[in-house]
Amino acid sequence: MFWRKRSRHQDGVPLREGPFIYDWFKLRDLPQIARMEAKYFPEPYSFWTLLGLILRPSTYYLVIRQKNMVVAYIGFRLFEKAAHTISTCVHHDFRRRGLARKLQLVANRVAINRGARWFTGEVRVSNLAQLEHLKQMGWLQIGRCPCFFKDGEDIIVVWKWL
Ligand SMILES: CC(C)(COP(=O)(O)OP(=O)(O)OC[C@H]1O[C@@H](n2cnc3c(N)ncnc32)[C@H](O)[C@@H]1OP(=O)(O)O)[C@@H](O)C(=O)NCCC(=O)NCCS
């Protein structure tokens with residue numbers, strides 16, 4: 001399948017760590033990702049929007065699975081030297097175990113291997129968990145954009161050299 005063709009040995013994916021497998025997204029993961037979006041994001045991507053995103057050649061999704069359950073995912077797009085986060089999420093029952101940190105490191109490696117020089121994204125000002133997580137990984141907060149989301153919330157633009 002097309003997303004498997006992107007797999008390269010140097011990405012180190014799939015990777016097993018304890019009960020978890022870090023892997024490329026597979027189509028069967030999509031309903032679970034859509035459900036996590038709906039549960040954990042104020043303005044979630046729908047199943048069909050996600051499918052449209054995933055079908056773009058510039059899009060990459062990585063997941064962490066425990067058996068067949070998706071416990072975390074990250075989606076990002078590559079624009080030449082820039083990697084841009086679409087969204088990242090860890091299932092509530094699996095938080096504060098370092099999964100977001102480890103998944104971001106895998107995403108960094110995938111992006112670097114395809115020529116990216118920096119990662120960037122937008123985080124709601126209220127999302128202290130994500131802001132702290134990225135700060136701990138050396139991401140900078142480079143600006144604030146007012147009324148970024150439909151509900152009017154501002155975002156912090158975050159950025160990291162790879
Ligand atoms: C933000 C999120 C991805 C973090 O996932 P996680 O797997 O729990 O994060 P990690 O365990 O890797 O934590 C890494 C560091 O981030 C920080 N952090 C994570 N959750 C935090 C919280 N609730 N409050 C404060 N700091 C937090 C801590 O510094 C943590 O290190 P520590 O546990 O050693 O103190 C997760 O809370 C989530 O999925 N939230 C809902 C979706 C979302 O908001 N996604 C981001 C926007 S795209």
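Look up: the structure comes first, before these words.
I will try to describe carefully the structure that is included in this document. For clarity, every value in this text was computed on a predicted model and none was experimentally measured.

Right, let's talk about the pattern of salt bridges for a bit. Per the counting criterion, the structure on display carries nine salt bridges. Note that Asp-23 and Arg-65 form a salt bridge whose closest N and O atoms lie 3.0 Å from each other. Here Asp-23, found in strand β2 (residues 20–24), pairs with Arg-65, found in strand β3 (residues 59–66); they are 42 residues apart in sequence, far enough to count as distant. Using a relative accessible area of 7% as the deciding quantity, one classes Asp-23 as buried. Taken together, the salt bridges that share partners define one network made up of Asp-23, Lys-26, Asp-29 and Arg-65.

In the contact formed by helix α2 (residues 30–40) and helix α3 (residues 47–54), the axes pass within 9 Å of each other and the chain directions differ by 120°. In this view, α2 runs oblique relative to α3, as classed from their interaxial angle. The interaxial crossing formed by α2 with α3 has right-handed handedness. Residues Leu-30, Pro-31, Ile-33, Ala-34 and Glu-37 of α2 lie in contact with α3, whose contacting residues are Phe-47, Leu-50, Leu-51 and Ile-54. A breakdown of the residues in the contact of α2 with α3 according to their chemical character gives eight nonpolar, no polar and one charged.

A separate point is the sheet that holds strand β5 (residues 82–90). Taken in spatial order, the eight strands of this open sheet run β1-β2-β3-β4-β5-β6-β8-β7, and their pairing is mixed. A single partner strand is all that each edge strand has here, and the edge strands are β1 (15–17) and β7 (140–145). Strand-to-strand twist of the sheet, defined as the mean angle between neighbouring strand axes without regard to direction, takes the value 25°. Sheet topology places β7 next to strand β8 (residues 155–161); five bridges connect them, and they run antiparallel. Each bridged residue has a counterpart across the sheet, and for Arg-144 the counterpart in β8 is Ile-156. On the sheet, α2 packs against β3, β4 (69–79) and β5 and is oriented at approximately 90° with respect to β4.

Definitions and cut-offs
Residues numbered from 1 in each chain as written. Predicted model: local features only at pLDDT ≥ 70, side-chain atom pairs only at ≥ 80, totals over all residues. Heavy atoms only, no water. Salt bridge = Lys/Arg side-chain N within 4 Å of Asp/Glu carboxyl O. Helix = DSSP H or I, 4+ residues; strand = E, 2+ residues; numbered from the N terminus. Buried < 20%, exposed > 50% of the residue type's maximum accessible area, 1.4 Å probe, protein only. Axes fitted to C-alpha atoms, helices over the stretch in contact; angles between N-to-C directions. Parallel < 35°, antiparallel > 145°, perpendicular 65-115°, else oblique. Left-handed = near helix turned anticlockwise from the far one by under 90°. Contact = heavy atoms within 4.5 Å. Nonpolar A, V, L, I, M, F, W, Y, C, P; charged D, E, K, R; others polar. Pairing = 2+ DSSP bridges.

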